[in-house]
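# Remarks on the overall topology
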Protein chains: 2
Amino acid sequence: MKELKLALLGFGNAGRAFARLLLEKQEEIEARWNTRIVVTAIATGSRGNLTGQIQLQDALNQLEQNGKFTDPTPCSTMDIVINGDYDVLVEMTPLNIHTGQPAIDHIRGALLRRKHVITANKGPIAWAYDQLQDLARQQGCGFYYETTVMDGTPVFNLTEHTLKLAKVTEVSGILNTTTNYILEELAAGKAYDDIIAAGRKLGFIEADAAMDIEGYDAAAKITALLNVLMQAHITPDQVDRTGIEHITEADIQDAAARGKVIKLLCRGWREDGRVHASVRPVEVDRGDLLAAVDSTSSLVSITTDLMGKLSILEHDPLIEQTAYGVFGDLLRVLEEQ
Amino acid sequence: MKELKLALLGFGNAGRAFARLLLEKQEEIEARWNTRIVVTAIATGSRGNLTGQIQLQDALNQLEQNGKFTDPTPCSTMDIVINGDYDVLVEMTPLNIHTGQPAIDHIRGALLRRKHVITANKGPIAWAYDQLQDLARQQGCGFYYETTVMDGTPVFNLTEHTLKLAKVTEVSGILNTTTNYILEELAAGKAYDDIIAAGRKLGFIEADAAMDIEGYDAAAKITALLNVLMQAHITPDQVDRTGIEHITEADIQDAAARGKVIKLLCRGWREDGRVHASVRPVEVDRGDLLAAVDSTSSLVSITTDLMGKLSILEHDPLIEQTAYGVFGDLLRVLEEQ
């Protein structure tokens with residue numbers, strides 16, 4: 001049986017859900033692809049790093065019982081990237097959305113060593129897609145990133161594998177679930193500060209809520225989509241971005257009185273020979289498809305020259321759906337590499 | 001350059017749109033797959049058949065100018081299936097929805113000769129999927145049918161190519177656009193008979209409207225989905241089917257007064273060790289996703305163990321989207337065979 005070695009960078013909720021999925025599907029993978037998946041490195045932010053012969057279930061148990069690894073390896077995350085013994089780097093570290101780092105450096109480091117890369121991190125696709133894709137191609141490596149937008153929902157793969165020869169002419173959608181949730185709670189009559197406080201308590205809204213509320217997360221996601229699907233060659237700072245920070249309860253009530261709902265819409269389109277992108281609150285009719293995207297669901301609509309407009313909707317995902325995105329990319333490594 | 005020979009059975013609006021797409025994309029296909037696509041047979045219902053060295057543009061022109069082929073080959077459609085010189089049979093003949101014929105016999109005939117098959121015809125997938133798929137596997141042939149539900153919208157390919165190892169646990173959707181259109185027009189206050197008359201005039205509602213209105217078309221489509229996605233091993237007569245023929249304007253007004261909309265919903269689910277299916281009118285909230293599927297749009301929702309619930313929506317397709325479904329399958333023949 002062949003062996004495929006993984007280095008996991010980042011081992012938060014999504015990383016651990018991915019590890020559980022690997023354990024669950026181990027036999028099925030071995031039977032179908034005649035390959036044993038072995039984890040040879042795990043890097044965490046504050047819980048220590050592990051390298052060597054890792055027993056995945058044991059590593060999960062240690063974190064659950066002690067909150068950290070009991071016998072960590074004294075090395076940095078970059079040490080693992082540069083010197084680790086792996087075939088596939090799985091990049092799931094926390095993101096600086098204004099730079100895409102440190103994920104970009106991790107990915108570049110792995111590609112320079114001719115390792116395949118799977119990233120769940122939108123930053124690299126938003127900030128450095130072209131250079132990383134070119135590098136992967138030069139090095140003959142696989143570079144996979146389905147999870148970066150809408151978890152494991154096939155948006156990149158949908159276009160690549162099921163819409164062959166079709167050219168994407170427009171992309172739009174509701175890509176940030178935090179703002180979608182906030183707008184819905186506001187419409188239900190709750191106060192802004194109460195919503196934020198409740199969302200933080202549930203772990204649903206990040207400490208720095210501005211990333212979502214001011215539209216930075218949405219801008220990074222539409223940029224990632226446009227760079228891959230429309231060869232946009234843009235970065236998130238080129239997105240015409242307006243968040244929901246100035247939307248008041250009165251605005252929402254006023255819209256409701258006219259049968260409208262406010263949604264934070266992302267859009268990308270071609271004009272004057274280049275791709276333009278925007279993120280901004282828009283009013284849509286209550287019966288509109290966009291209005292039906294509720295709570296933590298999200299939606300992307302893709303228009304192509306040959307297949308008109310299609311939309312794909314992810315309904316209230318759990319962390320397992322993020323894990324599946326990474327897992328699906330791993331299965332593509334098994335099939336394609 | 002390699003050559004791939006096609007026999008086109010059925011040359012109505014969709015068949016001719018497919019032919020135009022072939023002509024338009026000919027160079028791109030030759031460049032990418034180093035293969036010249038050649039049409040060696042065209043069978044029409046009442047316009048005559050053609051075989052031999054067919055100039056596709058010329059064949060299209062003949063039909064446009066004369067309504068039939070000027071120098072048809074004296075042979076039957078079955079002659080082409082059995083004796084024709086082709087690599088891929090493209091089955092687009094008119095369907096008997098109660099039997100799946102004659103498409104099933106055409107497909108079986110081609111597979112027995114070890115030819116690849118593309119069908120745009122839902123009948124064979126609803127009535128004889130298992131036996132045709134088994135035969136294709138035994139004969140080492142490709143058998144493609146993306147167009148049979150929702151035109152070229154990737155529903156079968158979505159699951160096969162982008163949701164690997166995920167098991168489908170439930171399928172639902174709005175699959176019949178004629179009834180969706182009729183229900184919407186009724187809700188807008190138009191009279192049943194006027195809607196049918198107008199739809200017939202526009203060519204939108206078939207002469208035999210019962211196929212749509214009584215839910216036979218929807219039952220065939222949900223059966224096709226369930227046979228492929230959930231290995232249901234069922235036929236359309238096993239679907240618990242209720243059409244919209246008994247829905248009155250009063251029912252719709254009454255629902256509207258309660259903030260509801262009536263939609264013809266198809267569903268399939270596993271229970272007691274087998275797959276059950278139903279087609280029936282249901283009331284949904286006006287803000288619901290199903291309510292947002294308007295006019296000739298359609299929707300399918302697929303729930304899997306690993307990726308939760310995803311929905312894919314096709315917005316107001318044209319005949320070109322049917323043609324693209326067949327075209328996309330042809331590209332898969334080029335890649336996989």
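Residues numbered from 1 in each chain as written. Chains lettered and ligands numbered in written order. Predicted model: local features only at pLDDT ≥ 70, side-chain atom pairs only at ≥ 80, totals over all residues. Heavy atoms only, no water.

## Brief notes about the overall build of chain A
Scanning chain A from terminus to terminus reveals twelve helices and twelve strands. Radius of gyration (C-alpha) of chain A: 21 Å, near the 20 Å computed for a compact globule of 337 residues. Along the longest, intermediate and shortest principal axes, the C-alpha atoms of chain A span 65 × 50 × 35 Å. Evaluated residue by residue, chain A yields a buried proportion of 58% over its 337 residues. As displayed, chain A offers around 13,900 Å² of accessible surface, 45% of which is attributable to carbon and sulfur atoms. Computed over 32 positive and 47 negative side-chain charges, the separation of the two mean positions in chain A equals 3 Å. (Helix = DSSP H or I, 4+ residues; strand = E, 2+ residues; numbered from the N terminus. Rg over C-alpha atoms; globule rule 2.2 N^0.38 Å. Buried < 20%, exposed > 50% of the residue type's maximum accessible area, 1.4 Å probe, protein only. Areas by Shrake-Rupley, 256 points an atom, 1.4 Å probe, with all protein chains shown as cover. Lys, Arg positive; Asp, Glu negative; His and termini not counted. Charge placed at Lys NZ, Arg CZ, Asp CG, Glu CD.)

## Here's the deal with the nonpolar core
Counting residues in each nonpolar core, the largest one holds 130 residues, and the members touching the most others are Leu225(A) and Leu225(B). Setting aside residues no more than four positions away along its own chain, Leu225(B) makes contact with Val149(B), Val155(B), Phe156(B), Val171(B), Leu175(B), Met230(B) and Val300(B). (Core = buried A, V, L, I, M, F, W, Y, C linked by side-chain atoms within 4.5 Å. Contact = heavy atoms within 4.5 Å.)

## Quick look at the pattern of salt bridges
Tallied over the full model, the rule gives 32 salt bridges over all chains. A salt bridge links Asp329(A) to Arg332(A), with the nearest nitrogen and oxygen atoms 3.3 Å apart. In this pair, Asp329(A) and Arg332(A) both sit in helix α12 (residues 319-336), three residues apart, roughly one turn of the helix. We note a salt bridge from Lys221(B) to Asp217(B), for which the minimum N-O separation is 3.0 Å. Taken as a pair, Lys221(B) and Asp217(B) lie in helix α10 (residues 216-229) at a separation of four residues, close to a single helical turn. (Salt bridge = Lys/Arg side-chain N within 4 Å of Asp/Glu carboxyl O.)

## Thoughts on the packing of aromatic side chains
Scanning the entire structure with this criterion turns up ten aromatic pairs over all chains. Ring geometry for Tyr324(B) and Phe327(B): centres 6.1 Å apart, planes at 50°, overall tilted. Taken together, the residues Tyr324(B) and Phe327(B), both in helix α12 (residues 319-336) and three residues apart, mark about one turn of the helix. Of the two residues, Tyr324(B) and Phe327(B), both sit in the buried class. Over the aromatic face of Trp269(A) sits the side chain of Arg267(A), whose NZ or CZ is 4.3 Å from the ring centroid. (Phe/Tyr/Trp six-rings, centres within 6.5 Å; stacked < 30°, edge-to-face > 60°. Lys NZ or Arg CZ within 6 Å of the ring centre and 35° of its normal.)

## Digging into unusual backbone geometry
All names here are of chain A. Pro102 follows Gln101 through a cis peptide bond whose omega is 0°. Residue position: Pro102 is located in the loop between β4 (88-91) and α4 (103-112). In this model, Asp151 sits at a positive phi of 50°, which is unusual for a non-glycine residue. Position of Asp151 among the secondary structure elements: in the loop between β6 (143-144) and α6 (156-162). The phi dihedral of His233 is positive, around 55°, even though this residue is not glycine. Topologically, His233 is positioned in the loop between α10 (216-229) and β8 (240-241).

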